[in-house]
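# Fold and contact review
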Amino acid sequence: DRAAATSISAKTAKVAQNPAASASSDKETAPMERALEGSGESENKTFKPVTVKADDILFTVTGMKSLGNNVTFIIRIYNKSGAAKSVALYDDAFRWNKSQMTDGNWKKHFVSKVSFTKASKRIAMSAAGTEGIHIGPRESVTAYMTFKRAGHGVKALTLHPFIYQGRRHWTEHNLNLPLGP
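Residues numbered from 1 in each chain as written. Predicted model: local features only at pLDDT ≥ 70, side-chain atom pairs only at ≥ 80, totals over all residues. Heavy atoms only, no water.

Here we come to the overall build of the chain. Secondary structure assignment for the chain yields one helix and 15 strands. Counting over 181 residues, the chain shows a buried share of 48%. In the chain, of all internal contacts separated by at least 6 residues, the share reaching a separation of at least 24 is 66%. Carbon and sulfur atoms form 47% of the exposed surface of the chain, whose accessible area is close to 9,200 Å². (Helix = DSSP H or I, 4+ residues; strand = E, 2+ residues; numbered from the N terminus. Buried < 20%, exposed > 50% of the residue type's maximum accessible area, 1.4 Å probe, protein only. Contact = heavy atoms within 4.5 Å. Areas by Shrake-Rupley, 256 points an atom, 1.4 Å probe, with all protein chains shown as cover.)

Okay, structure coming up:
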């Protein structure tokens, strides 16, 4: 029921124009002004975008939506380096390590579905292949990460990206983003 959807949105951080927006301190990873309560009622809440950085890739959580038992995070991925890279955020279609969400009851949930939007085209992680989505120098894509959840509220998101530069060089990261009290 779309009327029961909870929507959280924020203006996309202008990390392309402000490279200083990388998250190397708690100040730059400001928590949400209000956490998603998951009451089942329609409500709009705003929060400050939360950004973390790994291998010259900025990951900015710009929004979150809740519908029924599913929570979808909207993440802007910006390649601020001069080299093309690929980012993989594995979901249920893969056996590799996945991103996690921690709910208000401190229960962890693994991401079930990931898709990307690049140049107005939606691409499922399973269709992007094992190396993920290609991101050119100073380009960005949007990722949508859907979690099935049982508890109320959202405490944190732990992104687990694999960043590829070429076919043989890759790095794996665990990036913690505090989102609630």
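Now that the structure has been shown, we can carry on.
Our focus in this paragraph is the nonpolar core. If you look at the biggest cluster of nonpolar residues, it comprises 37 residues, and the most contacted ones within it are Phe59, Phe73, Ile75, Ile77, Phe116, Leu157 and Leu159. Residues contacting Ile77, with those up to four places away along its chain left out, are Ile57, Leu58, Phe59, Val87, Leu89, Phe116, Ile135, Glu139, Ser140, Val141 and Ala143. (Core = buried A, V, L, I, M, F, W, Y, C linked by side-chain atoms within 4.5 Å.)

Under the counting rule described, the total for this entry stands at seven aromatic pairs. For the ring pair Phe162 and Trp170, a centre distance of 5.7 Å and an interplane angle of 40° mean the geometry is tilted. On the accessibility criterion, Phe162 (5% relative accessible area) is buried. Overall, Trp170 belongs to the partly exposed group, its relative accessible area being 42%. Three or more aromatic residues link up through ring pairs in this structure, and these residues are Tyr90, Phe94, Trp96, Phe162, Tyr164 and Trp170. (Phe/Tyr/Trp six-rings, centres within 6.5 Å; stacked < 30°, edge-to-face > 60°.)

Relative to the elements of secondary structure, Lys85 occurs in strand β6 (residues 85-88). Of the polar contacts made by the side chain of Lys85, one reaches the backbone oxygen of Asp55; its length is 2.7 Å. Other than its neighbours up to four places away in sequence, Lys85 contacts Asp55, Asp56, Ile57, Asn79, Ile133, His134, Ile135, Ile163, Tyr164 and Gln165. (Polar contact = N/O pair within 3.5 Å; in protein donor to acceptor, adjacent residues only side chain to side chain.)

Right, let's get into the sheet that holds strand β10 (residues 133-135). Strand order in this open sheet of four strands is β10-β6-β13-β14, and the pairing throughout is antiparallel. Taken across any chain shown, the strands that pair with only one partner, and hence form the sheet edges, are β10 and β14 (170-172). Adjacent strand axes in the sheet meet at a mean angle of 25° when their direction is disregarded. As paired strands, strand β13 (residues 162-164) and β14 are joined by three bridges and run antiparallel to one another. From the neighbouring strand, Tyr164 faces β14, where its bridge partner is Trp170. (Pairing = 2+ DSSP bridges. Axes fitted to C-alpha atoms, helices over the stretch in contact; angles between N-to-C directions.)

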